[in-house]
Each structure stands twice: as structure tokens, then as C-alpha cells.
Amino acid sequence: MTGKEILTLDDVKLLVNTFYDKIRKDELLGPIFNERIQDRWRMHLDKMYTFWQTLLLEEHTYNGRPFPPHMNMPIGHEHFNHWLGMFTATVDELFTGDKAEEAKWRAANIAKMFENKLNYFRSHEGLSIL
Ligand code: HEM
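Residues numbered from 1 in each chain as written. Predicted model: local features only at pLDDT ≥ 70, side-chain atom pairs only at ≥ 80, totals over all residues. Heavy atoms only, no water.

Novice: Tell me about the side chain of Lys104, and name the residues and values.
Specialist: Within the fold, Lys104 resides in helix α5 (residues 98-123). Taking relative accessible area as the criterion, Lys104 reaches 15% and is therefore assigned buried. (Helix = DSSP H or I, 4+ residues; strand = E, 2+ residues; numbered from the N terminus. Buried < 20%, exposed > 50% of the residue type's maximum accessible area, 1.4 Å probe, protein only.)

As C-alpha cells, this is what we get:
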């Protein structure tokens, strides 16, 4: 499908909303997200707009720490692969161009880094991430 470029905050919101709509209904990842987020989806989506706005539009609205909340989740290679497959498919379904490519590239790198960090901390029990 021929999409448009990711240029504005509204584009970022469309990407994030479409992705998490799918995530919430996904058999593998839906229960993990819903269990953790419960009734805080509005807050999560608002935070994810700022995360991707900061990465893709260079408008620095996110100043959190992305990794720590993932520390104690029951996730591994299969989950990250699936997350990335869904993210990539959502970008391709809606967008084209440089920022769309960058979004997929950054997502893949961060997913890999999260997975590596989780593996590291799991094999070095007792280490603090702080
Ligand atoms: C299987 C993979 C993943 C799962 C199950 C997952 C799940 C979650 C959940 C449930 C939260 C909300 C935590 C809370 O508010 O208590 C969260 C936060 C977040 N996730 Fe993920 N995530 C995954 C992968 C990723 C990846 C690959 C990225 C980046 C590309 C990412 C970026 C973030 C960010 C930025 C936050 C907000 C952190 C903050 O509080 O500042 N996640 N994730």
C-alpha cells in the first residue's frame, strides 16, 4: 500500500494508536500489556506519542527511561520478534519514506537491545539496573 511520510505529531499518533490497537487484541502480547497497564492505556499511549515524537521528529518531549518497566515482564525472544513483526507491518501499512524506514530500524535496534539486556540481567541474578 502506498502510504504517506511520517512528518507530524498527528502522523506519530496514528502510528502509535494503530499499533497498540493491534497489540491489545493480540493473542500473545495483549494479555501481557493489559495485565500491566490495566486502566492506564490513555497514559501509556500519551507516553508513547512522546517517545516516538522524540526519536522521529526530534522534538524532545520524552524524558523517561524506556528499559526499566520491561525488567520483570514475562517476555523473551518470541515476544520481541512478534512485537517487531507487528510494528514493522503497521509502519508499512500506513507510511513510506525516510522516517518510516527510520522507525523500523530504531524499533529493531531497541527491541534487540531490550532482549539482550533482559538476557544479561537474567543470567546475572541479583544485579541491580539502577
Ligand atoms: C514484547 C515486547 C514488549 C512488551 C511486552 C512491552 C510492554 C510494555 C508495557 C506493558 C509498558 C507499560 C509499563 C507501565 O507503564 O507499567 C511498556 C512501556 C514502554 N515500552 Fe514497551 N514493551 C515491549 C517492547 C518495547 C520496545 C521494543 C520498545 C521500543 C522500541 C518499547 C518502548 C516502551 C517505552 C518507551 C515505554 C514507556 C517507558 C516509560 O515509562 O517511560 N517497548 N512496554
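Novice: Please provide a residue-by-residue account of the environment of Lys104, values included.
Specialist: Between the C-alpha atoms of Lys104 and Asn72, which are 32 residues apart in sequence, the distance is 25 Å. Side chain to side chain, Lys104 and Glu101 meet in a polar contact 3.2 Å long. (Polar contact = N/O pair within 3.5 Å; in protein donor to acceptor, adjacent residues only side chain to side chain.)

Novice: Account for helix α1 (residues 9-25), naming residues and giving values.
Specialist: Here α1 is 17 residues long and its end C-alpha atoms lie 25 Å apart, about the 24 Å a rise of 1.5 Å per residue gives. Of all the residues in α1, the buried ones are Asp11, Val12, Leu15, Val16, Thr18, Phe19, Tyr20 and Ile23. Elements that come into contact with the buried residues of α1 comprise α2 (30-37), α3 (41-56) and α4 (77-94). (Expected span 1.5 Å × (residues − 1). Contact = heavy atoms within 4.5 Å.)

Novice: Which residues make up the UniProt feature "binding site: heme" (unreviewed entry) in the protein chain, and what values go with them?
Specialist: According to UniProt, the feature "binding site: heme" (unreviewed entry) maps to His44 in the numbering used here. By the secondary structure assignment, His44 is in helix α3. Judged by its relative accessible area of 17%, His44 falls in the buried class. Not counting residues within four places of it along the chain, the set of residues in contact with His44 comprises Tyr20, Phe33 and Ile37. (UniProt positions renumbered as here; feature names shortened; annotations may be inferred.)

Novice: Before we move on, can you summarise the site of the ligand with the specific residues and values?
Specialist: The full set close to the ligand counts 24 residues, and Phe33, Arg40, Lys47, Tyr62 and His70 are the nearest of them. In the model, an oxygen atom of the ligand is placed 2.6 Å from a nitrogen or oxygen of the Tyr62 side chain. Between a nitrogen atom of the ligand and a side-chain N or O atom of His70, the distance comes to 2.8 Å. At the level of elements, α2, α3, α4 and α5 are the ones that each hand at least two residues to the shell around the ligand. Grouping the amino acids of the shell around the ligand by side-chain chemistry returns 17 nonpolar, three polar and four charged. (Near = heavy atom within 4 Å. Nonpolar A, V, L, I, M, F, W, Y, C, P; charged D, E, K, R; others polar.)

Novice: So what's going on with the side chain of Asp26? Residues and values would help.
Specialist: Note on placement: Asp26 falls in the loop between α1 and α2. We note that Asp26 is buried and unpaired, the nearest opposite charge coming from Lys22 at a distance of 9.8 Å. Here the side chain of Asp26 touches His82 through a polar contact of 2.9 Å, side chain to side chain. (Lys, Arg positive; Asp, Glu negative; His and termini not counted. Salt bridge = Lys/Arg side-chain N within 4 Å of Asp/Glu carboxyl O.)

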